[in-house]
Amino acid sequence: MIQKAVSNSSTSFGSITMMDNALTSDVPVNSTVVGQAQGFYAGAAQRELGFLMAMNFAFKTGKYNGSTITILGRNTVFSKVREMPVVGGSGVFRLARGYVEARTKWFDPKTGDATVEYNCYVLHY
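The rules we used
- Residues numbered from 1 in each chain as written.
- Predicted model: local features only at pLDDT ≥ 70, side-chain atom pairs only at ≥ 80, totals over all residues.
- Heavy atoms only, no water.
- Phe/Tyr/Trp six-rings, centres within 6.5 Å; stacked < 30°, edge-to-face > 60°.
- Helix = DSSP H or I, 4+ residues; strand = E, 2+ residues; numbered from the N terminus.
- Pairing = 2+ DSSP bridges.
- Axes fitted to C-alpha atoms, helices over the stretch in contact; angles between N-to-C directions.
- Buried < 20%, exposed > 50% of the residue type's maximum accessible area, 1.4 Å probe, protein only.
- Contact = heavy atoms within 4.5 Å.
- Core = buried A, V, L, I, M, F, W, Y, C linked by side-chain atoms within 4.5 Å.

Our focus in this paragraph is the packing of aromatic side chains. The full count for this structure, using the stated rule, is seven aromatic pairs. Here F57 and Y118 contribute two aromatic rings whose centre-to-centre distance is 5.5 Å and whose plane-to-plane angle is 75 degrees, an arrangement assigned as edge-to-face. One end of the pair, F57, is in strand β3 (residues 51-59); the other, Y118, is in strand β7 (residues 114-123), and 61 residues separate them in sequence. What links up through ring pairs into an aromatic cluster is the set F59, Y64 and F93.

Written out as structure tokens, the structure reads:
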């Protein structure tokens, strides 16, 4: 965590957290690693648990090696499905547009660790 939440905030409002997590081809943690999910999320809602999320899927293997998909949007983590826009990309995904659907598959409230499935729908040149 880079910035703690505003005092007395039960919604993480004002917090900023960086991430650099394995990007896998499937939900199980031991699935094939295809890259990294890198970015940040910031507590942006005062009345619910909602984050501003900026994230890159940085691919490091196969035909997408060196390419990225960039996501920027609102993530209300307790919603069953969260839709966030794909706002760009690089390499194979240059000029990408589309959206992702995020679904939390596992969450540990003590540590804040989670496994999230992202289904990505992208148009690119």
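And the narrative resumes.
A few words now on the sheet that holds β3. Ordered by their spatial adjacency, seven strands build an open sheet running β1-β2-β3-β4-β5-β6-β7, and the pairing between neighbours is antiparallel. Bordering the open sheet on either side are β1 (16-24) and β7, each of which pairs with just one other strand. Adjacent strand axes in the sheet meet at a mean angle of 25 degrees, parallel and antiparallel pairs treated alike.

Tracing the sequence through the fold places C120 in strand β7. On the basis of relative accessibility, which here comes to 32%, the residue C120 falls in the partly exposed class. Between the C-alpha atoms of C120 and S67, which are 53 residues apart in sequence, the distance is 14 Å. Every residue in contact with C120, bar those within four places of it in the chain, is listed here: I69, V86, Y99 and V100.

Another aspect to go through is the nonpolar core. One finds M55, F57, F59, I69, I71, M84 and V86 to be the most contacted residues of the largest nonpolar core, which totals 16 residues. Looking at this core, the elements with two or more residues in it are β1, β2 (33-43), β3, β4 (68-75), β5 (82-90) and β6 (97-107). If you tally residues by element for this core, the top one is β3, at four residues. Excluding its chain neighbours within four sequence positions, the residues that come into contact with V86 are I69, T70, I71, A96, R97, G98, Y99, V100, C120 and V122.

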